[in-house]
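Single-letter residue listing:
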Amino acid sequence: MQLQSHAPSGATLLISLLALPQLTSAFYLPGVAPTSYKQDDAVPLYVNAIRPVGDADSVLHSVLSWDYYHPTFQFCAPEGGGQPVGESLGSILFGDRIKTSAFELKMKHNETCKKQCEVTYGKNAAQFINQQIQEGVSLNWLVDGLPAGQKTIDVLSDTEFTNPGFLLGEQLDDGRIKFNNHYDIVIEYHEVNGNNGQYRVVGVIVQPESRKYTGEIGPDTCNTAPDIVELSETGDTKVRFTYSVYWIESTTAWATRWDKYLHVYDPKIQWFSLINSSVIVIFLVLTVMSVLVRALKKDIARYNRLDQINLDDLSGTSVLEDGVQEDSGWKLVHGDVFRNPSHPLLLSVFLGNGTQLFVMAGFTIAFALLGFLSPSNRGSLGTIMVLLYTVLGFVGGYTSARMYKSLHGEKWKLNIILTPLLVPGIVFAVFFLLDLFLWAEESSGAVPFTTMLVLIFIWFLISVPLSFAGSWLAFRAPAIEPPVRTNQIPRQIPPVTTYLKPIPSMLLVGLLPFGAIFVELYFIMTSIWFSRIYYMFGFLFLCYGLMIITCAAVTVLLVYFLLCAENYNWQWRAFLAAGTSGGYIFLNALIYWVTKLSLSGFAGSVLYIGYSALISFLFFILTGTIGYFASWLFVRKIYSSIKID
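Fair warning: this is a prediction, and the values are worked out from it, not measured in the lab.

Definitions and limits used
- Residues numbered from 1 in each chain as written.
- Predicted model: local features only at pLDDT ≥ 70, side-chain atom pairs only at ≥ 80, totals over all residues.
- Heavy atoms only, no water.
- Helix = DSSP H or I, 4+ residues; strand = E, 2+ residues; numbered from the N terminus.
- Pairing = 2+ DSSP bridges.
- Phe/Tyr/Trp six-rings, centres within 6.5 Å; stacked < 30°, edge-to-face > 60°.
- Buried < 20%, exposed > 50% of the residue type's maximum accessible area, 1.4 Å probe, protein only.
- Contact = heavy atoms within 4.5 Å.
- Disulfide = S-S within 2.5 Å.
- Axes fitted to C-alpha atoms, helices over the stretch in contact; angles between N-to-C directions.
- Core = buried A, V, L, I, M, F, W, Y, C linked by side-chain atoms within 4.5 Å.
- Parallel < 35°, antiparallel > 145°, perpendicular 65-115°, else oblique.
- Left-handed = near helix turned anticlockwise from the far one by under 90°.
- Nonpolar A, V, L, I, M, F, W, Y, C, P; charged D, E, K, R; others polar.

Colleague: Any details on unusual backbone geometry? Residues and values, ideally.
Modeller: For K108, which is not a glycine, the phi torsion comes out positive at approximately 60 degrees. Tracing the sequence through the fold places K108 in the loop between helix 2 (89-93) and strand 3 (111-121). One non-glycine residue, D144, lies in the positive phi region at around 55 degrees.

Structure follows, in structure tokens:
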């Protein structure tokens, strides 16, 4: 496609922004350079954790993953057992457990019905495996960094794509459960341009089959075994594993080999959601601007005129020209609007951590949008999130201390300590407790103890000192002074209308930012729980921006109405109202649990609810911080614009 040289329109800019992840595939990114093989060179096939992907009705029955070499599955292992392959921190945290395998692949060397090993399954193992098959677990292999998958047709768009992973077995219509023991491995390759004899892997398809062998296994045996393998739950079952390898030349370029995995299940829904959210945000922002600008301009002019009249007439009067009265409006609380809120220490700690999360999320989405978090570099998303949050401890400490000092807090030592410890401590404690459930279930998703130690090491040796340094600089800086003086005696707050009471206002304000990201949140949750690749970071970037604008606009509007009602306790109200979006996310997770999941065990339900609560808590702090700072800037702006005697 050729582009003409002219000033870009809004539509062109939008399309270019959404196309950035695809444009970045035109060049090689750091850490994902291609590997070339010569003919008959060994091409390693690695195995990963066995994960649930849902049954035929797209209902997920478990969230537990298993090690490929779990004793119950008894898959064929190489001599000396499957050895762990080096993984990134993010890869481990997201549940990858990559190990070597007994499969022998050689570039352009076909194999037909090659025997691996023979295994005997007892009745207990058969019961466990049959249950896993019914719950829809899939095997996950990697060849040259590409996940082995199965070709799938999207019935909505009638397009073919590769779905990572393939089923352990299948429950037939007649109720029988077949166990797959033969794998047809089809590997696509292409020759490197200008490098004769050099080849690269550009696609991996695995077609699992169930073959019940009765005699010796030869090259043609796999095609002459009509019966399927059923694991008996009343006795022992002998199973022989085999595989075939077929190499097919492809025209797919190495740089675009991931395109067949990156599939949007219904792009129209995302476009509709994005346009719908944009229209709502534009309407909301215009409404807020119209109300605030017109009302504030009129109020400020009125109050300044009122002050001038009071200066000219020292005797004063309660009723002024144009019927303006002194005993109404947001100016009357100017002596209390910057009064310190309750629990300033906790508020400042939340604001520091919220700022840290805000910057981390922005950088992470930007890196992903530019293509630096390639799916071929497994775990890069989790790794960059951990590293960014660690390094941004300085930002969190500085923001927390700066706000605490402006709130005239006296427990500055406690502020320095709690900022890097309170919120991360809560997150780590919940994460550790949930990990205990995974350990108890012997799931491979349990984070190893050594990785836990690495996280603690990073936390205390990097993040905490950086947070301390930021706090130290902030406390040495001059305090942020309010534009108006605070009265010694607090003003009495009159009763407010129903919609300005804490609970109704929180429910109303929190709903709109949640609505801006609702559809994208659905795709993210589907990606997490159904082990699908998420890559639509262009949509996510725009949704994140819409959420920020919505969160700021509705919170500012709430604070303006509160001040007009002479309620000057806006600090916590702004934070909690905007943070209620996190509560809606948790409620959405519960609805998703009821409608899309059918978790069979207690541990699975605890894990799902626990992780959802953890995500919602972090989102609560993030959106609460956005709402607070938007309101803080707004309040400072309007009270610095009026004349105070």
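Colleague: Describe the sheet that holds strand 5 (residues 141-143), and please don't skip the residues or the numbers.
Modeller: Spatially, the three strands line up as an open sheet ordered 1-5-6, and their pairing is antiparallel. In this open sheet, the two strands that pair with only one neighbour each are strand 1 (45-47) and strand 6 (146-147). Strand direction decides the pairing type here: strand 5 and strand 6, joined by two bridges, are antiparallel. In the sheet register, L142 faces strand 6, and the bridge partner there is P147.

Colleague: Any chance you could break down the sheet that holds strand 9 (residues 166-167) for me, citing the residues and the numbers?
Modeller: As a general point, the strands of a sheet are linked pairwise by backbone hydrogen bonds and lie either parallel or antiparallel. Read across the open sheet, the three strands follow the order 2-4-9; overall the sheet is antiparallel. Only two strands of the sheet have a single neighbouring strand rather than two, namely strand 2 (51-52) and strand 9. In this sheet, strand 9 lies alongside strand 4 (residues 137-139) in antiparallel orientation, the contact comprising two bridges. Bridge pairing in strand 9 places S138 opposite L167.

Colleague: Tell me what's going on with the packing of aromatic side chains, and back it up with residues and numbers.
Modeller: Enumeration according to the criterion identifies 38 aromatic pairs in this entry. Ring geometry for W141 versus F166: centroids 4.8 Å apart, planes at 80 degrees, classification edge-to-face. Residue W141 is found in strand 5, and its partner F166 is found in strand 9; the two are separated by 25 residues along the sequence. What makes F166 buried here is its relative accessible area of 1%. Measuring from centroid to centroid gives 5.9 Å for F514 and Y584, while their planes differ by 25 degrees, and the two rings are stacked. Highlighted residues: F514 in helix 10 (residues 502-529) and Y584 in helix 12 (residues 571-596), separated in sequence by 70 residues. Ring-pair connections join several aromatic residues into one group, and the members of that group are W66, Y68, Y69, F73, F75, Y121, F128, F179 and F241.

Colleague: Talk me through the side chain of S65; I want residue IDs and the actual numbers.
Modeller: With respect to the helices and strands, S65 occurs in the loop between strand 2 and helix 2. Judged by its relative accessible area of 8%, S65 falls in the buried class. Among residues more than four places away in sequence, those in contact with S65 are A49, I50, R51, P52, S443, S444 and G445.

Colleague: Can you break down the state of the cysteines residue by residue, with the values?
Modeller: Scanning the entire structure with this criterion turns up one disulfide. Linked covalently through their sulfurs, C76 and C117 form a disulfide whose S-S length is 1.8 Å. Looking down the S-S bond of the C76 and C117 bridge, the torsion is -80 degrees, so its handedness is left-handed. Taken as a pair, C76 in the loop between strand 2 and helix 2 and C117 in strand 3 lie far apart in primary sequence, 41 residues in all.

Colleague: Go over the packing of helix 6 (residues 380-391) against helix 9 (residues 449-476) with me, naming the residues and quoting the values.
Modeller: At a minimum axis separation of 8 Å, helix 6 and helix 9 run at an interaxial angle of 35 degrees. Contacts between helix 6 and helix 9 involve V386, Y389, T390 and V391 on the former and, on the latter, L455, I458, I462, S463 and L466.

Colleague: Which residues make up the nonpolar core, and what values go with them?
Modeller: W141, F179, Y183, I185 and Y639 are the most contacted members of the largest nonpolar core, which has 132 residues in total. With 15 residues, helix 13 (residues 602-639) is the single largest residue contributor to this core. In this view, Y639 contacts W330, K331, V333, H334, V337, F338, P483, V484 and L563; residues no more than four positions away in its chain are not counted. By size, the runner-up hydrophobic cluster in this structure holds 10 residues, among which are L284, V509, V554 and L558.

Colleague: Requested: an account of the packing of helix 8 (residues 412-440) against helix 9, with residues and values cited.
Modeller: When two helices pack together, their arrangement is given by the angle between the helix axes and the distance between those axes. Orientation of helix 8 relative to helix 9, taken along the N-to-C sense of each, is 165 degrees, at an axis distance of 9 Å. Judged by the angle between their axes, helix 8 and helix 9 are roughly antiparallel. Of the two possible hands of crossing, helix 8 and helix 9 adopt the one that is right-handed. Split into classes, the residues belonging to the contact of helix 8 with helix 9 amount to 18 nonpolar, five polar and one charged.

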